[in-house]
2 protein chains.
Amino acid sequence: MTTANRQRIIVQKYGGSSLANEQMIRANAARICKRKAQGYNIVVAVSAMGDTTDRLLALAQRLAGDQLPPPREADALISTGELVSAALMAITIKEQGHDAISLSGRQAGIRTDNAYGSARIAHIDTQRVRREIERGRTVVVAGFQGLTATDDTTTLGRGASDLTAVALTAALTAERCEIYTDVDGIFTADPRLVPEARILPRIGYQEMLEMASLGAKMNPRSIELAAVHKVPMLITSSFNDQSAGTIIRDWEEDGKNMEIRKVITGIATESNIARITLRGVQDRPGIAAALLTPLVNESISVDVIVQNVSADGRTDFSFTVKEDQLRRAQEIAAEQKQVEYAELIARHGYAKVSIVGVGMQNAPGYAARMFQALADADVNIEMITTSEIRITCIVEQRSVGIAARALHQAFELGED
Amino acid sequence: MTTANRQRIIVQKYGGSSLANEQMIRANAARICKRKAQGYNIVVAVSAMGDTTDRLLALAQRLAGDQLPPPREADALISTGELVSAALMAITIKEQGHDAISLSGRQAGIRTDNAYGSARIAHIDTQRVRREIERGRTVVVAGFQGLTATDDTTTLGRGASDLTAVALTAALTAERCEIYTDVDGIFTADPRLVPEARILPRIGYQEMLEMASLGAKMNPRSIELAAVHKVPMLITSSFNDQSAGTIIRDWEEDGKNMEIRKVITGIATESNIARITLRGVQDRPGIAAALLTPLVNESISVDVIVQNVSADGRTDFSFTVKEDQLRRAQEIAAEQKQVEYAELIARHGYAKVSIVGVGMQNAPGYAARMFQALADADVNIEMITTSEIRITCIVEQRSVGIAARALHQAFELGED
């Protein structure tokens, strides 16, 4: 690289709602150009405009009739949405006086396995991106996609343009990855449920991962990848330039901050959960695997799993799935003839409420405080599951707001 | 190839209006499957659905502001339309029970020069297409696009999915190239102007090329390519299965047909022509080049060119352009200070009427018959230009229908 271009690289990612119309594309191009003028090299990863991906998938589904669209063709189809955004963004940046080039995932060197629809990035050959940067160009990469070793286009899964951005940040050893989205940052709780929720100025990877898995609008795989490669991320709004956003990085390295941090970082909520309970299951080894493997094989995401203590060789076994997968999950569970049980109960109308915080693993008593707060708010707990840095309760859907507000208050998250 | 797949290949092409909605995609997939069931291997080239390309270009133009969208980015953008069609067609063929795969122009091995927006095919590496055929798959190729030696996507020019189809037919030594479109075939004249026009069951490459250049809805470059590689083509309707269509091939090789053919094959018309005349131009060598080169350099398509016999060192020089290029052509012509002239007259409201037929080159008197027919119909001839197999008159736009009908009758084209 020439000296002039040895300057630092920043990767920015713009989601579909940030590219929903021409006005938004222009505003974001202006932000990119401003940053470029500050002396950074900018690499941009873009999603498809607005609801493009959903519209293309719906069309494919209608043409595929009773079947699912073949995954390879579905990927060839929906990957076009990001190509459109990338070219339009490059055109707009050029119009604003800075040189730019759009690259497909393939051209940006993103190589994946061949798991169509949810491919994993194998490696990134950054040669072309670096060459374009050396030429002084802002590089706009179509997010969400890559190429298999057999020269076919894959997509990385819903919301995976974040993943493209994080992977490029790591591969280019860029300074940081800025995710521009339609929220101002990561909140202590869902502000639609908890009006007093506030933006977290900073959060660690592990906590963010729990928050993301538990309903925050972030792609958990991108957080995982960022954690592995220690990619600092900024989550901020493309609609509100006043928002400082949330920085995600390894705060644990920073001893001083550790001391003054709250133990609980935030409340995560997820709605539209269904529960399947098998009562009177014969309690023998392998029963959980026998039940759950067929579900996982059909891409049903089994979430909270609880098995009660066995009494007289029989046990109750419960798990949750997303509401729209309940019917299929129920059918599959019922088909497992090798599992003997007395009764299968399927019910929807649940939600998950979790408290998340790395401090928890060293500080006891948080579970008790959580259950007490929910009891005081008259919220019934249906199931409980814990990890080192979170505690999750399944509650009735209609109680989710009350529960989130009660916990937000109990753990004093509304205060700086 | 295994014996089972040594069977013959047919290339079919479906244009945008043939893919405008789900119903059309299904109907065309059914035609493809039927042909496959008859024992052919099918390779399909598709255009973008309906007005997709125009919509994408309009969006790019709005974002590019006063400038034209950068050609590389415009190509990256509009090439996505064909990717969408190809994937949807492959999905639909599979739904109808036949294996299929979509390939981008790149994946189909189509390599071009780097003239973005009107790239020329350098060669086709058919390896992948052949491999997919061997697997028993119908191969759906995104038309209109290719890849440069520097790994960038190009497009081949408006209407160039025909070109993709012809080039694939030649490269695969396929049996023939079938173009499915929204007309029943090639007519003796535009049926909107000449109600008694009928479909030509057959036409030679040279005549078709003249017809195509003179307004028939065909891509002239695809006809040229077909002529060079002796690719037999069928032009027929995707809306009307009763249409037998028009076969384009080298009929000259077929002595018997030659004898019974009419000398005039058809009447070609093109509307919305403008004329620029420079009166009193100083008549010296190089004057035509000095005038026309700057126009061609700005991609203004100069068509009929007429220079009158010089009188006392001064001459009149006229040429036609498309009406929507008149203003720019006029500006450029006026800027050529090295060309001295007395007066520049720009006028729109003209049309071209041509008679086309390979027989003409050996049979005199057709020009006289043409001019007489137009005179009898009271149509004034503004300019005349001829080639070996056609005679073209520029007439007033409002006379084009009368002129076409008069010529159609004079040369007995309505009769079998």
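Residues numbered from 1 in each chain as written. Chains lettered and ligands numbered in written order. Predicted model: local features only at pLDDT ≥ 70, side-chain atom pairs only at ≥ 80, totals over all residues. Heavy atoms only, no water.

The next subject is the packing of aromatic side chains. Under the definition given, this model contains 6 aromatic pairs over all chains. Where Tyr14(B) meets Tyr180(B), the ring centres are 5.0 Å apart and the plane angle is 15°; that geometry is what we call stacked. Of the two residues, Tyr14(B) is situated in strand β1 (residues 9–14) and Tyr180(B) in strand β9 (residues 176–181); the sequence distance between them amounts to 166 residues. Of the two residues examined, Tyr14(B) and Tyr180(B), each falls in the buried class. Here the guanidinium or amino end of Arg35(A) rests over the ring plane of Tyr40(A), the centre of that ring lying 5.3 Å away. (Phe/Tyr/Trp six-rings, centres within 6.5 Å; stacked < 30°, edge-to-face > 60°. Helix = DSSP H or I, 4+ residues; strand = E, 2+ residues; numbered from the N terminus. Buried < 20%, exposed > 50% of the residue type's maximum accessible area, 1.4 Å probe, protein only. Lys NZ or Arg CZ within 6 Å of the ring centre and 35° of its normal.)

Each partner contributes residues to the interface: chain A has 41 residues there, and chain B has 41 residues. When chain A packs against chain B, the two sides together hide about 3300 Å² of surface, and 58% of this comes from carbon and sulfur. Contact with chain B buries area across many residues of chain A, yet Leu63(A), Glu73(A) and Ile91(A) alone supply 21% of it, more than any other trio. Viewed at the interface, chain B and chain A are joined by 6 salt bridges. Glu22(A) serves as the salt-bridge partner of Arg62(B), at 2.7 Å between the closest nitrogen and oxygen. (Contact = heavy atoms within 4.5 Å. Buried area = accessible area lost by both parts, 1.4 Å probe. Salt bridge = Lys/Arg side-chain N within 4 Å of Asp/Glu carboxyl O.)

Residues and elements named next belong to chain A. Pairing in this open sheet of 8 strands is mixed, and the strands run β3-β6-β2-β1-β9-β11-β12-β10 from one edge to the other. In this open sheet, the two edge strands, each paired with only one partner strand, are β3 (100–103) and β10 (202–203). As paired elements, strand β9 (residues 176–181) and strand β11 (residues 233–237) share 5 bridges and run parallel to each other. In the strand pairing of β11, Thr181 is matched with Ser237. On top of the sheet, helix α4 (residues 80–95) reaches β2 (41–46), β3 and β6 (138–142); it is set at about 165° to β6, its chief contact. (Pairing = 2+ DSSP bridges. Axes fitted to C-alpha atoms, helices over the stretch in contact; angles between N-to-C directions.)

All names here are of chain A. Across the 5 residues that make up β6, a large majority, 5, are buried. With 4 bridges joining them, β2 and β6 adopt parallel strand pairing. Bridged to Val43 within β6 is Val139. With 4 bridges connecting them, β3 and β6 associate as parallel partners. Bridged to Leu103 within β6 is Val141.

Turning chain A through 180° and shifting it by 0.0 Å along the axis lays it on chain B, with an RMSD of 0.1 Å. Taken together, the turn and the small shift mark the pair as related by a two-fold rotation axis. Scanning chain A for the C-alpha nearest the rotation axis identifies Thr80(A), at a separation of 2.9 Å. (Least-squares fit on C-alpha atoms with pLDDT ≥ 70 in both.)

Next up on the list: the environment of Asn41(A). Residues and elements named next belong to chain A. Following the sequence through the fold, Asn41 ends up in strand β2. For Asn41, a relative accessible area of 0% corresponds to the buried category. When the C-alpha positions of Asn41 and Glu134 are compared, they lie 9.1 Å apart, and in sequence the two are 93 residues distant. A polar contact of 3.4 Å, which involves the side chain of Asn41, links it to the side chain of Lys36. (Polar contact = N/O pair within 3.5 Å; in protein donor to acceptor, adjacent residues only side chain to side chain.)

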